[in-house]
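What follows is each chain in one-letter form.
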Amino acid sequence: MISMSLGEPDFDTPSHIRRAAQRAIDNHWSHYGPVAGVASLREIIAEMSNPDAGICYQAEDVVVSVGAKMAIYNAIQTAVNADDEVIIPVPSWVSYSEMVKLAEGKVVTVKTRYEDDYCMTPEQFRAALNEKTRMVILCSPNNPTGSIYSKEQLRALANVLRDWPKVMVLSDEIYSALVYDGKATSMSEFDELADRLVVINGVSKAYAMTGYRIGWMLCKDRAFVAACTRLQGQQLTCATMVAQAAAEDALRASQTCVDKMRQEFAKRRELICKLAAEIPGWKFRKPQGAFYLFPDVSALGTGDEVAERLLEEAHVAVVSGAAFGCPECIRLSYAISTEEIKEAMKRIKAL
Ligand SMILES: Cc1ncc(COP(=O)(O)O)c(C=O)c1O
């Protein structure tokens, strides 16, 4: 069985980061810490998140949580009241809609198109907005499609928001370090969104630290940050202190390890795209970031059927696009070795 279903890097956490965690244990980082995160970690997060031009974040704008997942959950719980609408372009990561439901909000999905590289257009966005809209959730680079919104595309969405000043933007940028051609634009480049933008990021994907569970939100609205911090105080007390020490080391140390992992993912991306192009009935966009391929397999059956067949007959585990709101696709993670990619694609092709 070859699993192409997981959403995490297959690399070991770099050794200098592991040593930082060990040092923290030896230095007795075994006590409760500040609810919003260790001050020096919040400082470096703010520093590293600041775009060349755009919103300027400070340590006070950061809340460190147990993974980006908890940061997203806190932001949604804080922003969304019963019956508030939240716009989610699909395909999308599985948890957004469930988190909105937990907050008793209403999910409004916008089905993006293959022809638009699975990016929501300003026209689609405008059509989905109304007086009940509380938030829009964007994810670029995207899981599951690997798409990236260009600066112009984000500018166009920001322009639409001018008519809707109460709508918050949650911009999940957890894959921002895994971009293969140039750099992804952050929503934080748009000054005018400062008081209603929540940017999400973390160490899971960039530094192969999924199990450390450190992620964060950045927001210039101090009342919102205070509310998220209060919520977190009752839920968590604080993110694990040893993991925060490791995350701080990851951000402060040389970023060569991130470059190396990105280069390896880039090679795998080329390989999987080349091999996938040889599979009859698959139609796909070359992913620009993250580590997923998201072919449309509707010529062969539904995503559920194809995923089932790949599992039963090729012994390759993939995820049906239905999980992401796109039942005509399947998602393959290329966070596995090149040998495994070759073997998996050989088996799929032979079916
Ligand atoms: C788009 C997206 N956002 C957030 C997360 C959660 O990341 P973390 O491990 O930091 O909680 C994931 C993890 O798969 C993801 O794919």
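Placed above this text is the structure.
Values in this document were obtained by computation on a predicted structure and should not be read as measured data. (Residues numbered from 1 in each chain as written. Predicted model: local features only at pLDDT ≥ 70, side-chain atom pairs only at ≥ 80, totals over all residues. Heavy atoms only, no water.)

**Points about a negative patch on the surface**
Alright, step 1. A contiguous patch of negative charge on the surface is contributed by Asp304, Glu305, Glu308 and Glu312.
Alright, step 2. Along the chain, Glu305 turns up in helix α10 (residues 303–314). (Patch = residues over 30% accessible without salt bridge, like charges linked within 9 Å, V, L, I, M, F, W, Y side chains within 5 Å. Areas by Shrake-Rupley, 256 points an atom, 1.4 Å probe, with all protein chains shown as cover. Salt bridge = Lys/Arg side-chain N within 4 Å of Asp/Glu carboxyl O. Lys, Arg positive; Asp, Glu negative; His and termini not counted. Charge placed at Lys NZ, Arg CZ, Asp CG, Glu CD. Helix = DSSP H or I, 4+ residues; strand = E, 2+ residues; numbered from the N terminus.)

**Topic: helix α2 (residues 39–49)**
Residues separated by three or four positions in an α-helix point in the same direction, a consequence of the helix having 3.6 residues per turn.
Alright, step 1. Taken residue by residue, α2 has Leu41, Arg42, Ile44, Ile45 and Ala46 as its buried positions.
Alright, step 2. Against β2 (62–65), β8 (215–218) and α8 (241–252) lie the buried residues of α2. (Buried < 20%, exposed > 50% of the residue type's maximum accessible area, 1.4 Å probe, protein only. Contact = heavy atoms within 4.5 Å.)

**Overview of the pattern of salt bridges**
Alright, step 1. Applying the stated criterion across every chain yields a total of 22 salt bridges.
Alright, step 2. Glu248 serves as the salt-bridge partner of Arg252, at 2.8 Å between the closest nitrogen and oxygen. One end of the pair, Arg252, and the other, Glu248, are both in helix α8, 4 residues apart, so they sit about a helical turn from each other.
Alright, step 3. Residue Arg252 is classed as partly exposed on the basis of its relative accessible area, which comes to 42%.
Alright, step 4. Taking relative accessible area as the criterion, Glu248 reaches 13% and is therefore assigned buried.
Alright, step 5. In this structure, a network of salt bridges that share partners links the residues Asp10, Glu264, Lys267 and Arg268.

**Let's talk about the packing of aromatic side chains**
Alright, step 1. Summed over the entire model, instances satisfying the criterion amount to 9 aromatic pairs.
Alright, step 2. Ring centres of Phe291 and Tyr292 lie 4.9 Å apart, and the angle between their planes is 55°; on these two criteria the pair is classed as tilted.
Alright, step 3. Phe291 sits in the buried class, given a relative accessible area of 0%.
Alright, step 4. With a centroid separation of 6.1 Å and an interplanar angle of 85°, the aromatic rings of Phe294 and Phe324 are classed as edge-to-face. One end of the pair, Phe294, is in the loop between β9 (292–293) and α10; the other, Phe324, is in the loop between β11 (319–320) and β12 (330–333), with 30 residues separating them in the sequence. (Phe/Tyr/Trp six-rings, centres within 6.5 Å; stacked < 30°, edge-to-face > 60°.)

**Some remarks on the environment of Met261**
Alright, step 1. Within the secondary structure layout, Met261 lies in helix α9 (residues 256–276).
Alright, step 2. On the accessibility criterion, Met261 (6% relative accessible area) is buried.
Alright, step 3. Along the chain, Met261 and Pro9 lie 252 residues apart, while their C-alpha atoms are 8.7 Å from each other.
Alright, step 4. Setting aside chain neighbours within four positions, we find Met261 in contact with Phe11, Pro14, Ala206, Tyr207 and Ala208.

**So, the site of the ligand**
Alright, step 1. The local shell around the ligand holds 14 residues, among which Ala68, Asn143, Asp172, Lys205 and Arg213 are the closest.
Alright, step 2. Within the contact set of the ligand, a nitrogen atom lies 2.6 Å away from a side-chain nitrogen or oxygen of Asp172.
Alright, step 3. A distance of 2.8 Å is found between an oxygen atom of the ligand and a side-chain nitrogen or oxygen belonging to Ser204.
Alright, step 4. About the coverage of the ligand: the protein hides 92% of its 400 Å² of free accessible area.
Alright, step 5. Counting residues per element, the shell around the ligand draws most heavily on helix α3 (residues 67–79), which supplies 4 residues. (Near = heavy atom within 4 Å. Polar contact = N/O pair within 3.5 Å; in protein donor to acceptor, adjacent residues only side chain to side chain.)

**Some words on the pairing of strand β7 (residues 197–202)**
Alright, step 1. Most of β7 is tucked away, with 6 of its 6 residues classed as buried.
Alright, step 2. Residues of β7 alternate between two faces, with Leu197, Val199 and Asn201 on one and Val198, Ile200 and Gly202 on the opposite face, all of them buried.
Alright, step 3. When strand β6 (residues 168–172) meets β7, the two strands line up parallel, connected through 4 bridges. Looking across to β7, one finds that Val169 is bridged to Leu197. (Pairing = 2+ DSSP bridges.)

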